[in-house]
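What follows is the residue order along each chain.
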Amino acid sequence: ELRQARVKVMQPDEASGWRDTVLPYHWDRVHRNAPGHASFEIPFTMADAPSEPYGLFFPVVGNAAEIWLNDKLLARFGDIATPNRDDYAKAPRYVAVPPAMLQKENLLRVYIRADGGRRGGLSAIRIGPSHEMRDSVFSNAYAWRVTGSLLLGMFSLLVAFIAFTCWATQRQLSPDGRLHRDSVYFWAGMAE
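Scoring rules and cut-offs
As a convention, each chain's residues are numbered from 1 in the sequence order in which they are written. Since the coordinates come from a predicted model, pLDDT governs what is reported: local features require at least 70, and pairs of side-chain atoms require 80 or more to be given and counted, while whole-chain, interface and lining totals use all residues. Side-chain numbers here rest on the full set of heavy atoms in the structure, without hydrogens or water. Relative accessible area decides the class of each residue, using a 1.4 Å probe on protein chains only: under 20% of the type maximum gives buried, over 50% gives exposed, and in between gives partly exposed. Per the convention used, a helix needs a DSSP run of H or I reaching at least four residues, while a strand needs a run of E reaching at least two, with both numbered from the N terminus. We call two strands paired when DSSP finds no fewer than two bridges between them. What counts as an axis is a line fitted to C-alpha atoms, over the stretch in contact for a helix, and the angles between N-to-C directions run from 0 to 180 degrees. Angular relationships are summarised with four words: roughly parallel below 35 degrees, roughly antiparallel beyond 145, roughly perpendicular across 65 to 115, and oblique for the angles in between. Crossings are assigned a handedness: left-handed for a near helix turned anticlockwise from the far helix by less than a right angle, right-handed for a clockwise turn. A contact between two residues is defined here by any heavy atoms of the two lying within 4.5 Å. Working definition of a nonpolar core: buried Ala, Val, Leu, Ile, Met, Phe, Trp, Tyr and Cys residues. They are joined through side-chain atoms within 4.5 Å. Centres within 6.5 Å make a pair out of two Phe, Tyr or Trp rings, where for Trp the six-membered ring is used; the pair is then stacked when the planes are under 30 degrees apart, edge-to-face when over 60, and tilted otherwise. As a reminder, the over-ring test applies to NZ of lysine and CZ of arginine, requiring each to be within 6 Å of the ring centre and within 35 degrees of the ring normal. For this analysis, a salt bridge means a side-chain nitrogen from Lys or Arg found within 4 Å of a carboxyl oxygen belonging to Asp or Glu.

This next bit is on the pairing of strand S1 (residues 4–10). Only one face of S1 is buried, namely the one carrying Ala5, Val7 and Val9, since none of Gln4, Arg6, Lys8 and Met10 on the opposite face is buried. Bridge count between S1 and strand S2 (residues 18–22): five bridges; the pairing is antiparallel. Its bridge partner lying in S2, Lys8 is registered against Trp18. Where S1 meets strand S4 (residues 36–45), five bridges bridge the pair, whose relative direction is antiparallel. Looking at S4, one finds that Val7 is bridged to Phe40.

Shown next as C-alpha cells:
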C-alpha cells in the first residue's frame, strides 16, 4: 500500500511547490470545495522485478486523472484540462501494469483534476500481482460501491412501482359517495 507522496497543487490562491503528504488526500476538505489540479509523485521500490503482471488499485482517483509509471502513461480517466465534466472518483479503478514497466526503483505520477464539491482527490494506492488486485480487491470494492448502489436503486424503483400500482388500483368510497384514490400512495411513489 502506497501512502507517502509528494504533492504540488495548482490553484490560483495556493503557493506552488512540492510538499510531502500522506494519502488519502481529500481534495474538498483540504481546499474547501474549490476546484483545482494537483500532481502527486509516489516513489516505491521492489525487491525484484516481477515476472507476472501487476496491477494498481485506486479506491478514489480524480475527478479526472492521468496515471504515469516511470514516465510512461498507464491510464487516463477523463480530461484533466476541462473542469466539471466526467467524474471518475465515484467508482474504484484498476490499472494493469505490464511486468516490463516495473523496476527496482519506480516513480508513480498521478495528475488529477478535482472539481469543487465532488469528493475528488487521491486515496492510498495498492499495488500487487494482477490476479490478487483485480480478482479480489478491485472486484470486492466494485461490488460494494457500484453494484450495491445499482441494486439499491433497483429496489427503490420496485417500491415506487408498487406504490403507483396501489395508487392506481386502490379506490375508496368518500363520504359523499364518490370513488377517489388515496394520495399517500402517489406521494410515496414520487418520493421513491
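Once you've had a look at it, read on.
Moving on, we come to the packing of helix H2 (residues 130–169) against helix H3 (residues 183–191). The contact between H2 and H3 brings their axes to 8 Å, and the two run at 160°. In terms of orientation, H2 and H3 fall into the roughly antiparallel class. Here H2 runs over H3; the crossing is left-handed. Where H2 approaches H3, its residues Ala160, Ala163, Phe164, Cys166 and Trp167 are matched on the opposing element by Ser183, Tyr185, Phe186, Ala188, Gly189 and Met190.

For the peptide bond that leads from Leu23 to Pro24, omega is 15°, which places it in the cis range. Within the secondary structure, Pro24 is located in the loop between S2 and strand S3 (25–26). The phi angle at Asn33 is positive, at roughly 65°, despite the residue not being glycine. Structurally, Asn33 is set in the loop between helix H1 (27–31) and S4.

Attention now moves to the nonpolar core. In this structure, Phe40, Ile42, Ile67, Leu108 and Val110 are the most contacted members of the largest nonpolar core, which totals 33 residues. Of all the elements in the fold, those that place two or more residues in this core are S1, S4, strand S5 (54–58), strand S7 (64–69), strand S8 (72–77), strand S9 (93–97) and strand S10 (105–114). When residues no more than four places from it in sequence are discounted, the contact partners of Ile67 are Leu56, Phe58, Val61, Lys72, Leu73, Leu74, Ala75, Phe77, Leu108, Arg109 and Val110. In this structure, Phe57, Met133, Val137 and Phe138 belong to the second largest nonpolar core, which totals five residues.

This part is about the packing of aromatic side chains. The final tally for this structure, using the stated rule, is nine aromatic pairs. A ring pair is formed by Tyr25 and Trp27, whose centres lie 6.3 Å apart and whose planes are at 55°; its orientation type is tilted. For the pair formed by Tyr25 and Trp27, the shared burial category is buried. What links up through ring pairs into an aromatic cluster is the set Phe57, Tyr94, Phe138 and Tyr142. The side chain of Arg93 reaches across the aromatic face of Phe77, ending 5.5 Å from its centre. The ring of Trp167 is capped by Arg181, whose NZ or CZ atom sits 5.1 Å from the centre of that ring.

Spatial ordering of the open sheet is given by S2-S1-S4-S10-S7-S8, a layout of six strands whose pairing is antiparallel. On the outer flanks of this sheet lie S2 and S8, each paired with one strand and no other. Recorded for the sheet is a direction-independent mean angle of 25° between the axes of neighbouring strands.

Our focus in this paragraph is the pattern of salt bridges. All told, the structure shown has eleven salt bridges when counted by the stated rule. Between Asp87 and Lys90 there is a salt bridge, with the nearest N and O atoms lying 3.6 Å from each other. A residue is classified by how much of its surface remains accessible, and Lys90, at 45% relative accessible area, is partly exposed. The residue Asp135 makes a salt bridge to Arg134 at a minimum N-O spacing of 3.1 Å. On the basis of relative accessible area, Asp135 is assigned to the partly exposed category, the value being 46%. With relative accessibility at 35%, the residue Arg134 sits in the partly exposed group. Shared partners join several salt bridges into a network, and the residues in it are Asp87, Lys90, Arg113, Asp115 and Arg118.

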